[in-house]
Amino acid sequence: MALAPSERNANSPYPEDSAQNCPRTLSLLSPEGVRVTSGEDAARVADIDDTALAELYAKMVVQRRIDAEGTALQRQGQLALWAPSKGQEAAQIGAAEAFRDEDFIFPTYRDHGVIHSRGVAASEVMRQWRGASHGGWDPHEKNMAPVQIIIGAQTLHAVGYAMGAAFDGQGGAAVAFLGDGATSQGDVNEAMVFAASFNAPVLFFLENNQFAISEPVTLQSRTPLVDRPRGFGIRAARVDGNDVLAVLSATRDALARIDAGEGPQFIEAVTYRRGAHTTADDPSRYRDTELESYWEKLDPIDRVEAHLRSRGVDVDAVLAEAGAEADGVAAELRAAVISMQEDDPELLFAHVYSEPHPRIAEQREEYLGYLAETGGSAA
């Protein structure tokens, strides 16, 4: 018999947890669609009524469609690579719903829902994946850094930004997204040291999708990842990452604590990457069908649909509208990719240093000379 949401707060449903070593995992919406409505965690999302929840449901549907289109474009040779996000919609949309305009986001390469929620155009989203640009969008306009490919490096960038914002009295928070594999990187640990030491207004948002490429999280950590930031003196919370309400509640709480001067915060959203690590990966080589079936039953979109139907909401109408929007976004992605032109190759050297640098000037001339000789273009 499935556990009630309140029971699952003390008894995690996730197979990587042992009975002796199971932290509290916040859950407000069960896989069966049962919603918790009492307690302070639920109170933080009391404003999310059926209409608002249907909007979150639609956003998750759109994210999944973006992901499917990205995969299709790569398979058709239009993109060099794509990092699927299927299964992580609640973690991304729930967190993004809590962000304010003044918050500055540092995403990973898998955070398609977060990026779309910040109003980034389809043509801007795909520029890096197409290899047509080294950025994609104006980070100052969107208050969001370009996608970081180096695992965990964005956490250092986020802490540095947060420290600078605090010194300037700017307000808001920096939010660094990261995956479970990134927690084993030195950059992430160094970022947490600096964040704790300088009481930086930064939120580390961990999407624990169970696998760092092909290795399970249990191989790199004998204890739950939520325990790691506590060793640096950073408050940490663990949530059901497939529960959009729990993620939204925890993120709102973390941002409120940052605003109150409580320093850096950490959220571990326990979710599952249902697709491949990237389109260059074959997950069937390291994951069995039993595990796939287990997580399929915990799908973040299905549980919201189950709850809305139990409330008498016309989900079919919501889904039809969301589907039309998703198809429109997918069409924009495809059109943008196919018609995309590469950036001026000189842009590669334009913003390396704030002032002219002789070595950069030399490299610029070498590269432009190479392009002239080969008739090529910037990668």
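Residues numbered from 1 in each chain as written. Predicted model: local features only at pLDDT ≥ 70, side-chain atom pairs only at ≥ 80, totals over all residues. Heavy atoms only, no water.

Draft legend 1. Local environment of the overall build of the protein chain. Secondary structure assignment for the protein chain yields 16 helices and 7 strands. Taken over C-alpha atoms, the radius of gyration comes to 21 Å for the protein chain, in line with the 21 Å a tight globule of 379 residues would show. Overall, the C-alpha framework of the protein chain stretches about 70 × 45 × 40 Å when taken along its three principal axes. Here the protein chain holds 379 residues, and the buried ones make up 51% of them. In the protein chain, the proportion of contacts linking residues at least 24 apart, taken out of those at least 6 apart, comes to 73%. With the model as given, the accessible surface of the protein chain reaches about 16900 Å², and the carbon-plus-sulfur share is 51%. Of the side-chain charges in the protein chain, 33 are positive and 58 negative, and the distance between the mean point of each set is 4 Å. (Helix = DSSP H or I, 4+ residues; strand = E, 2+ residues; numbered from the N terminus. Rg over C-alpha atoms; globule rule 2.2 N^0.38 Å. Buried < 20%, exposed > 50% of the residue type's maximum accessible area, 1.4 Å probe, protein only. Contact = heavy atoms within 4.5 Å. Areas by Shrake-Rupley, 256 points an atom, 1.4 Å probe, with all protein chains shown as cover. Lys, Arg positive; Asp, Glu negative; His and termini not counted. Charge placed at Lys NZ, Arg CZ, Asp CG, Glu CD.)

Draft legend 2. Focus on helix H14 (residues 315–338). Over its 24 residues, H14 runs 34 Å from end to end, which matches the ideal 34 Å to within 8%, given 1.5 Å per residue. Taken together, the buried positions of H14 are occupied by Val-315, Val-318, Ala-322, Ala-326, Val-329, Ala-330, Leu-333, Ala-336 and Val-337. Contacts from the buried residues of H14 go to helix H3 (50–75), helix H5 (112–117), helix H6 (122–130) and helix H13 (300–310). (Expected span 1.5 Å × (residues − 1).)

Draft legend 3. Examining the sheet that holds strand S7 (residues 265–270) more closely. Ordered by their spatial adjacency, 5 strands build an open sheet running S1-S2-S3-S7-S6, and the pairing between neighbours is parallel. Edge positions in the sheet fall to strand S1 (104–106) and strand S6 (235–240), since each of these pairs with one other strand and no more. Ignoring which end each strand starts from, the neighbouring axes of this sheet average 20° apart. Pairing of strand S2 (residues 174–179) with strand S3 (residues 202–208) involves 6 bridges; the strand directions are parallel. Bridging from a neighbouring strand, Leu-178 pairs with Leu-206 of S3. Across the sheet, helix H8 (residues 153–168) is in contact with S1, S2 and S3; its angle to S2 comes to roughly 170°. In the packing of helix H9 (residues 186–197) onto the sheet, the strands contacted are S2, S3 and S7, and the crossing angle to S3 comes to about 150°. (Pairing = 2+ DSSP bridges. Axes fitted to C-alpha atoms, helices over the stretch in contact; angles between N-to-C directions.)

Draft legend 4. Representation of the packing of H3 against H13. Two elements in contact, H3 and H13, have axes whose closest approach is 10 Å; the angle formed by their N-to-C orientations is 150°. Here H13 runs roughly antiparallel to H3, going by the angle between their axes. Both H3 and H13 take part in a crossing whose hand is left-handed. Counted together, Asp-50, Leu-53, Ala-54, Tyr-57, Met-60, Val-61 and Arg-64 of H3 and Pro-300, Ile-301, Val-304, Glu-305, His-307 and Leu-308 of H13 form the full contact between these two elements. Within the contact of H3 with H13, the residues separate by chemical class into 9 nonpolar, 1 polar and 3 charged. (Parallel < 35°, antiparallel > 145°, perpendicular 65-115°, else oblique. Left-handed = near helix turned anticlockwise from the far one by under 90°. Nonpolar A, V, L, I, M, F, W, Y, C, P; charged D, E, K, R; others polar.)

In short, the description is geometric, and any link to function would need to be established separately.
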